[in-house]
Amino acid sequence: MDPNGKKLVLEGFAQAFGDTEGVRCFFAPGRVNLIGEHTDYNGGHVFPCALDIGCFAAVRKREDRVMRFYSVNFPQAGTVTTSLDALVPQSRSGWTNYPAGVVWAFGTHGCEPDVGFDMAIYGDIPNGSGLSSSAALEVVTGTALRALYGWDKVTNVDIALLGQLAENEYNGMKCGIMDQFASAMGKAGNAIFLDTNTMEYAYAPVHLEGMKLMIVNTNRKHSLVDSEYNLRREQCAAALADLQKELPVKTLGDLTEEEFEAHKDLITDPVCLRRARHAVYENRRTIEAVAALRRGDIEEFGRLMNASHVSLRDDYETSCPEADILTEEAWKIPGVLGSRITGGGFGGCTVSIVKDEAVDTFVETLDRVYREKVGYPATFYRLGIGDGPTEI
Ligand code: ADP
Ligand code: MG
């Protein structure tokens, strides 16, 4: 966690709202998904981990029903003022629809604040890069609301679900549960093996002795992601409906590869068939990858990461040329065990497992090739696996 984060968010609070007396500060992490992409709304498994970067919030209750928001990252938006009596999404409200949406989502579950609050935000996750700055913002808001209003019965899983509800219904982004769950339930040194069908989860230690988890940002913002993402959801739902004509399955995550191959001709649309094939195979890859990690077979884990990328590139079509360049170059480097696009896609970041002795070559080669082919630089991060949300 950025040791300066608290100071920066308090400075932002003071600048926007005058002083910091009685202010409480909170942090929630971003996340990177190691494998299991676009499976979380298909009843499949995911395997993300929380990062040691995230979103900081400084919050103080008010005496009236006003809510005021300020982000150090979006100073041009100024201080946005709204009210507990005006909880409807507004396009002009910009980023504040995320925290306001969380307040709305809590309200739909009987947690209605009696008074409003002032909130300043500072985040060190690159926005729109597939590392879930939006989920971190939602989870830090939920964590702050629980503490401020004394809603002690609200669990971290509730915070994740309410964050997802806010993103789905208030912000129109039909994401699955992975991002909010990974942020709300993060555990240092561990990834989370979550079955999105049952919400059962288990922590799996990520021992990377002699290796690094490298995250490379294409610096291409995933601008189309909302509409394309929602379209993928619809295509998977259409494929599932076709399969259900003969198969008693509830989700694509219920199918093995063999069952899928035996019944795939039921899917009438060829594009939907490819989308479903990704969802089924990616789910099975995720289960295998976690088993490989648990027996210490990182090489197999890496191979499955590579296969995940190929499937996202060819079947699910949520990669982009920039991420393809980064992964395909990485695969050529000895000592790179696995590399794939991570997050919703259409830009954002790749995640790679790289042996220590290959890290310099990885950075130098990718930096050079990316500049040559894309025309602007990528950004390289060596991040750690951090804990979930906390008061700081
Ligand atoms: P990702 O979650 O992959 O980073 P999204 O497009 O889902 O990308 O979410 C990014 C949006 O979340 C930003 O455009 C902004 O509206 C909001 N957001 C994230 N972090 C902050 C922050 N620190 N301050 C204000 N808004 C933020
Ligand atoms: Mg997001």
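Preceding this paragraph is the structure being described.
Numbering of residues starts from 1 in each chain and follows the order in which that chain's sequence is written. The lettering of chains begins at A and the numbering of ligands begins at 1, in the order of writing. pLDDT decides what is reported in this predicted model: residues at 70 or higher carry local features, side-chain atom pairs at 80 or more are listed and counted, and totals for whole chains, interfaces and linings draw on all residues regardless. With hydrogens and water excluded, all non-hydrogen atoms of the structure serve as input to the side-chain values.

1. Here's the deal with the sheet that holds strand β11 (residues 379–382)
Next up, step 1: Between any two strands, at least two bridges found by DSSP are needed for them to pair. Strands here are runs of E lasting at least two residues and helices are runs of H or I lasting at least four, both read from the DSSP assignment and numbered beginning at the N terminus. Judged by pairing direction, the sheet is antiparallel, and its four strands sit side by side in the order β9-β10-β8-β11 without closing on themselves. Unpaired on one side and paired on the other, β9 (336–342) and β11 mark the two borders of the sheet. Taken pair by pair, the neighbouring strands of this sheet meet at an average axis angle of 20°, ignoring direction.
Next up, step 2: Alignment of strand β8 (residues 211–217) against β11, held across four bridges, turns out to be antiparallel. Across the sheet, the residue bridging to V216 is F380, located in β11.
Next up, step 3: We call two residues in contact whenever any of their non-hydrogen atoms come within 4.5 Å of each other. An axis is simply a line fitted to the C-alpha atoms; with a helix, the fit covers only the stretch in contact. Between two such axes, the angle follows the N-to-C directions and lies from 0 to 180 degrees. Sheet contacts for helix α10 (residues 321–331): β8, β9 and β10 (349–355); angle to β9, the most-contacted strand, approximately 170°.

2. Remarks on the side chain of Q180
Next up, step 1: Here Q180 shows up in helix α5 (residues 178–184).
Next up, step 2: Apart from residues lying up to four places away in sequence, Q180 is in contact with A135, E138, V139, A160, G163, Q164, E167 and C175.

3. What about unusual backbone geometry?
Next up, step 1: Phi at N219 takes a positive value of approximately 60°, unusual for a residue other than glycine.
Next up, step 2: Tracing the backbone shows N219 in the loop between β8 and α6 (225–243).
Next up, step 3: The phi angle at F346 is positive, at roughly 60°, despite the residue not being glycine.
Next up, step 4: Looking at the element boundaries, F346 is found in the loop between β9 and β10.

4. A few points about α6
Next up, step 1: In this model, α6 (19 residues) spans 27 Å end to end at C-alpha, consistent with the 27 Å of a helix rising 1.5 Å per residue.
Next up, step 2: Residue exposure (1.4 Å probe, protein chains only): buried if accessible area is under 20% of the type maximum, exposed if over 50%, otherwise partly exposed. Among the residues of α6, those classed as buried are V225, Y229, N230, R232, Q235, C236, A239, L240, D242 and L243.
Next up, step 3: Tucked into the core, α6 has its buried residues touching α7 (257–263), α8 (270–294) and α9 (298–316). In a helix, the anticipated span is given by 1.5 Å times the number of residues less one.

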